[in-house]
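What follows is each chain in one-letter form.
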Amino acid sequence: MNRVQEIRKERNITQVQLAKYAGISRKYLSNVENQLANPSVDVAFRISTALSVDIDKIFFDVPKPNITVYPKPLRYIDLFCGIGGFRYASKGAFDKLGINGKCVFSSDIDKYAQQAYEANFGEKPVGDITKVDAESIPDFDLLFGGFPCQAFSICGLMKGFEDKTRGTLFFDIARIIKEKQPQAFVLENVKNLASHDGGKTLQTILETLRDELGYHVDYHLLNALDFGLPQKRERIIIVGSKKPFKMDWNFEIKNKKTLNDILEKKVDPKHYASPEIVAKRKAMHTAKVFPSIWHENKSGNISSYPYSCALRAGASYNYLLVNGERRLTPREMLRLQGFPDDFKIVVSDCQTRKQAGNAIPVDMVKMVIERFIPMAF
Ligand SMILES: C[S@@+](CC[C@H](N)C(=O)[O-])C[C@H]1O[C@@H](n2cnc3c(N)ncnc32)[C@H](O)[C@@H]1O
């Protein structure tokens, strides 16, 4: 099993180019990529040199999940924890895998997120991660982090991630991984990460994790809609482990939630839009399905779907309207992200909306963790 195709695509190199650099025919390279040919050590070395990746990160045997031994407990840290999406997702996955998971450190700079996290998990997250000395963090096996997408100011002479990523929040993830050497990590980011700064941002992140920190890394764009949540929310998930692994990103979901499962039956009148806004919307659009969520885009066009468009932390209040009439309630927004109904809402509606808009789709990340962890340990 090899990962030539995946890494070649990440590097934006064509088969013709790679074949030329490695001194082999395109046909042979195609066979290697399709797992139809096992290259000699010499050819494997030339391919990995052409891709600037260690040979063992491209060519390896898939580990067998049945020899997995988990640490007891499996200690994790929850960076940029928000209201604990990773915490719920990992709990669901750990329970399925029979793992005893223990959160040993959490961090979020936002005081309302800290309040919500403490009310629900009994721990107040530490504040600004940029001020936390990595050595002071307790030892852990697994790192979770949904970090903001920021450009790196890379210039020609810069060497190493310390230079390339300093001043960004990814730098803090990298320096903590470097110091604490966890077995594995799961990171989350917006879809735009892949195209951000012409692809350089994602490339620097992958190179840092893979080439500088020494992890086997894979990533994929996933959509919450494909994981049984009625929300179109596309996110990049990056997974990494000290152990080689081959992640299958195709998931089959049996029980899908519909809008009917999410929407509250009794809704406080305060969530309804003004009669003027409702009339304006209805004059512009007629929905083909019921219930539906009406979405107003930046140009003022209205469309409606039997699911929600992505919840956003900083979006205007009326951009999503249930049946063109009312805003989603905070509980409905949390449900759209897969948060259970026993999640305690302890801050204002406005803050809860923001928190839900920032969170990860729990059901989606749970499935990823459940599949990844047995390969990573
Ligand atoms: C995309 S959200 C992550 C949400 C989380 N995954 C969840 O499920 O709720 C990013 C979080 O990073 C936090 N954040 C931003 N800068 C930070 C910093 N310097 N230190 C710690 N947290 C920070 C924000 O407050 C926000 O809650």
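Per an unreviewed UniProt entry, the chain carries the name Cytosine-specific methyltransferase and comes from Blautia intestinalis. Recorded in UniProt for the chain, the comment headed Catalytic activity (unreviewed entry) runs: "a 2'-deoxycytidine in DNA + S-adenosyl-L-methionine = a 5-methyl-2'-deoxycytidine in DNA + S-adenosyl-L-homocysteine + H(+)".

## Structural notes on the UniProt feature "domain: HTH cro/C1-type" (unreviewed entry) in the chain
Sequence positions flagged by UniProt for "domain: HTH cro/C1-type" (unreviewed entry) are, in local numbering, residues 4–58. Along residues 4–58 one finds 69% helix and 0% strand; the C-alpha atoms at either end are 6 Å apart.

## Considering a nonpolar patch on the surface
On the surface, Val41, Phe45 and Ile55 cluster together to form a nonpolar patch covering roughly 300 Å² of accessible area. Looking at the element boundaries, phenylalanine 45 is found in helix H4 (residues 41–51).

## Let's talk about the layout of surface pockets
Computed from the structure, the largest pocket encloses a volume of approximately 760 Å³. Taken together, 37 residues make up the lining of the largest pocket; nearest its centre are Phe80, Gly146, Phe147, Pro148 and Asn358. Breaking the lining of the largest pocket down by element, the ones donating at least two residues are strand E1 (74–79), helix H6 (85–97), strand E4 (184–190) and helix H14 (349–358). Per-element accounting of the lining of the largest pocket gives the leading share, four residues, to H14. The residue makeup of the lining of the largest pocket, split by class, is 17 nonpolar, eleven polar and nine charged. Counting only domains with at least three residues in the lining of the largest pocket, you end up with domain 2 (65–253 + 361–376) and domain 3 (259–358). For the second largest pocket, the calculated volume is near 610 Å³. Lining of the second largest pocket is provided by 18 residues; of these, His295, Cys309, Ala310, Arg312 and Tyr319 occupy positions nearest its centre.

## Some points on the packing of aromatic side chains
Per the counting criterion, the structure on display carries 15 aromatic pairs. Pairwise contacts between aromatic rings join Tyr88, Tyr117, Phe121, Phe339 and Phe343 into one cluster. Directly above the ring of phenylalanine 245 sits arginine 3, whose terminal nitrogen or CZ lies 5.9 Å from the centroid. Lying across the ring of phenylalanine 251, arginine 371 places its NZ or CZ 4.1 Å from the centre.

Cut-off values and rules
- Residues numbered from 1 in each chain as written.
- Predicted model: local features only at pLDDT ≥ 70, side-chain atom pairs only at ≥ 80, totals over all residues.
- Heavy atoms only, no water.
- UniProt positions renumbered as here; feature names shortened; annotations may be inferred.
- Helix = DSSP H or I, 4+ residues; strand = E, 2+ residues; numbered from the N terminus.
- Patch = residues over 30% accessible without salt bridge, like charges linked within 9 Å, V, L, I, M, F, W, Y side chains within 5 Å.
- Areas by Shrake-Rupley, 256 points an atom, 1.4 Å probe, with all protein chains shown as cover.
- Salt bridge = Lys/Arg side-chain N within 4 Å of Asp/Glu carboxyl O.
- 1 Å grid on protein atoms, 1.4 Å probe; cavity = no way out; pocket = protein on both sides within 12 Å on 5 of 7 lines; lining within 4 Å.
- Points joined across faces, edges and corners; volume = space filled by probe spheres on them.
- Nonpolar A, V, L, I, M, F, W, Y, C, P; charged D, E, K, R; others polar.
- Domains from an automatic or database assignment.
- Phe/Tyr/Trp six-rings, centres within 6.5 Å; stacked < 30°, edge-to-face > 60°.
- Lys NZ or Arg CZ within 6 Å of the ring centre and 35° of its normal.

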